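Chain residues, written in single-letter form:
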Amino acid sequence: MANENTQVKRPVKITETILRDAHQSLIATRMPTEEMLPIIDTMDKVGYHAVECWGGATFDASLRFLKEDPWERLRKLRDGFKNTKLQMLFRGQNILGYSHYSDDVVEYFVQKSLANGIDIIRIFDCLNDLRNLETAVKAANKEKGHAQIALSYTLGDAYTLDYWKDTAKRIEEMGASSLCIKDMAGLLTPYKATELVSALKEGTDLPIDLHTHYTSGVGAMTYLKAVEAGCDIIDTAISPFSMGTSQPATEVLVETFKGTPYDTGLDQKLLKEIADYFKPYREECLASGLLNPKVMGVNINTLLYQVPGGMLSNLVSQLSEMGAEDKFDEVLEEVPRVRKDFGEPPLVTPSSQIVGTQAVLNVVMGERYKMVNQQAKDLLSGKYGQTVKPFDKEVQKKCIGDTKAITCRPADLIEPSLPKFEKEVAQYKQQDEDVLTYALFPQVAKEFFEYRKAQQTGVDNTVADKENGAYPV
Ligand code: CO
């Protein structure tokens, strides 16, 4: 065996998720900006590859629950992080919403995200249809940003090592600066990670980032095997907000690689300062019930049923609303069948909701596809893009009748819509970015703009509540 000293050093890079995914996964994205600001100076000294701090659900949650302007948050974080790259999560042609937007809105959103302080945009699509990423990737490259393409990791007949390898190659050809495997459900097990990362490395020279969740309990081991196989970047969360449905703990991985060729070089003293800072906030979240100890354990169901933890809890609540909790096992068996009928998509927002809701309907109605909601019809009409396998023809016929499914890139059929949004938002507008906020979440944005105005004119009594730290949750 080679002596450690003679081995080539390949320090693994760390992306810290505490300001985005960690609190999105554990406390429903409720961390306010003022909870973040006091620790930024210390975080900026650590030498992280990047800090993920924006996008995903943070945008919606800021507006809806925290009554904060997400753009303002980004600017404050940018001011504080002088040496560290800031990263966001971007849902391809859906931006941060749940349906497809026209190219002009996608381009403008990317441009403004970078102008306000984002360095790395992680872009993904729920079907892994790369056509849905093209516009965002081009826009990021045009603005000299770092476009990282993320593939939603899933299991199934179609997802062979060759599939991942070929897709990695296509991602490089598209002009991405790095590639991420987004294992949102924690399905990637350690030895599978060895195979996967090796296959990706055969397909591309791009840096490989692995993003997993600790949900099924294998996350840290998966990172270890992935790094040994050549993975360059891993996503971790500072310990008080790590594990469970969040990421493996930053300090644990840093210690794991210490003294090896993969040594991160990060300073445990600084990491301890950051952990100490977040501990009281964690206690607060536990006391208020915002952090439910249930999400902190190992959920083996996600491995057994191959569905994300969030989807399992959605199924439970959908069934209990219908008074049909006893059908849970039947629904779990129906999920993979619906997924097959729908072209075997990964289960991630919004495909997870579409498949999950349909499985519930199929079981509760006592007849498969007797009732089909609009989102499922859209999926089967090609409006979300192309699935890796074809739809089941009979199911498609039963759900959408004689409607002709589209096969082009869905956004090719969407007219430019920025001028329309500009017009609609004119009376509320205080900054360029407001049009984007409005385009994504029209109703929530309007309410926020009215709240903002009231605050400025001093007639809104919710201001006092906010100063007292009483955030609406
Ligand atoms: Co995640």
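Residues numbered from 1 in each chain as written. Predicted model: local features only at pLDDT ≥ 70, side-chain atom pairs only at ≥ 80, totals over all residues. Heavy atoms only, no water.

- For the protein, an unreviewed UniProt entry supplies the name Oxaloacetate decarboxylase, alpha subunit and the organism Eubacterium uniforme.

Examining the coordination of the cobalt ion
Here is step 1: D21 (OD), H211 (NE2) and H213 (NE2) make up the full set of protein donors to the cobalt ion, lying at 2.0 to 2.1 Å.
Here is step 2: Written as a sequence motif, the donor arrangement for the cobalt ion is D-x189-H-x1-H. In this pair, D21 is assigned in helix α1 (residues 21-27) and H213 in the loop between β7 (208-212) and α10 (219-228), connecting sequence segments 192 residues apart. The same class applies to D21 and to H213, which are both buried. (Donors = N, O, S within 2.8 Å, 3.2 Å for Na, K, Ca; no water. Helix = DSSP H or I, 4+ residues; strand = E, 2+ residues; numbered from the N terminus. Buried < 20%, exposed > 50% of the residue type's maximum accessible area, 1.4 Å probe, protein only.)

Notes on the packing of helix α6 (residues 103-115) against helix α19 (residues 418-425)
Here is step 1: Following both chains from N to C, one finds α6 and α19 inclined at 70°, their axes separated by 8 Å at the closest point. With respect to each other, α6 and α19 are oriented roughly perpendicular. Contacts from D104, V105 and Y108 in α6 reach L418, P419 and F421 in α19.
Here is step 2: Of the residues that constitute the contact of α6 with α19, the class distribution is five nonpolar, no polar and one charged. (Axes fitted to C-alpha atoms, helices over the stretch in contact; angles between N-to-C directions. Parallel < 35°, antiparallel > 145°, perpendicular 65-115°, else oblique. Contact = heavy atoms within 4.5 Å. Nonpolar A, V, L, I, M, F, W, Y, C, P; charged D, E, K, R; others polar.)

Looking at the pattern of salt bridges
Here is step 1: Following the criterion strictly, the structure yields 29 salt bridges and no others.
Here is step 2: Among the ionic pairs, K429 bridges to E422, the shortest N-O distance being 3.0 Å.
Here is step 3: Classification of K429 by relative accessible area gives partly exposed; the value is 33%.
Here is step 4: Each of the salt bridges in this network shares a partner with another, and the network as a whole consists of E334, R337, D341 and R368. (Salt bridge = Lys/Arg side-chain N within 4 Å of Asp/Glu carboxyl O.)

Description of the sheet that holds strand β1 (residues 13-16)
The pairing of strands in a sheet happens through backbone hydrogen bonds and is either parallel or antiparallel.
Here is step 1: Overall, parallel pairing links the eight strands, which are arranged β1-β2-β3-β4-β5-β6-β7-β8 in a closed barrel. Each strand of the sheet is rotated relative to its neighbour by a mean of 30°, with strand direction disregarded.
Here is step 2: With four bridges connecting them, strand β3 (residues 86-90) and strand β4 (residues 120-124) associate as parallel partners. The partner of M88 across the bridge, within β4, is I121.
Here is step 3: Docked against the sheet, helix α7 (residues 134-142) engages β3, β4 and β5 (146-152), running at close to 155° with respect to β5. (Pairing = 2+ DSSP bridges.)

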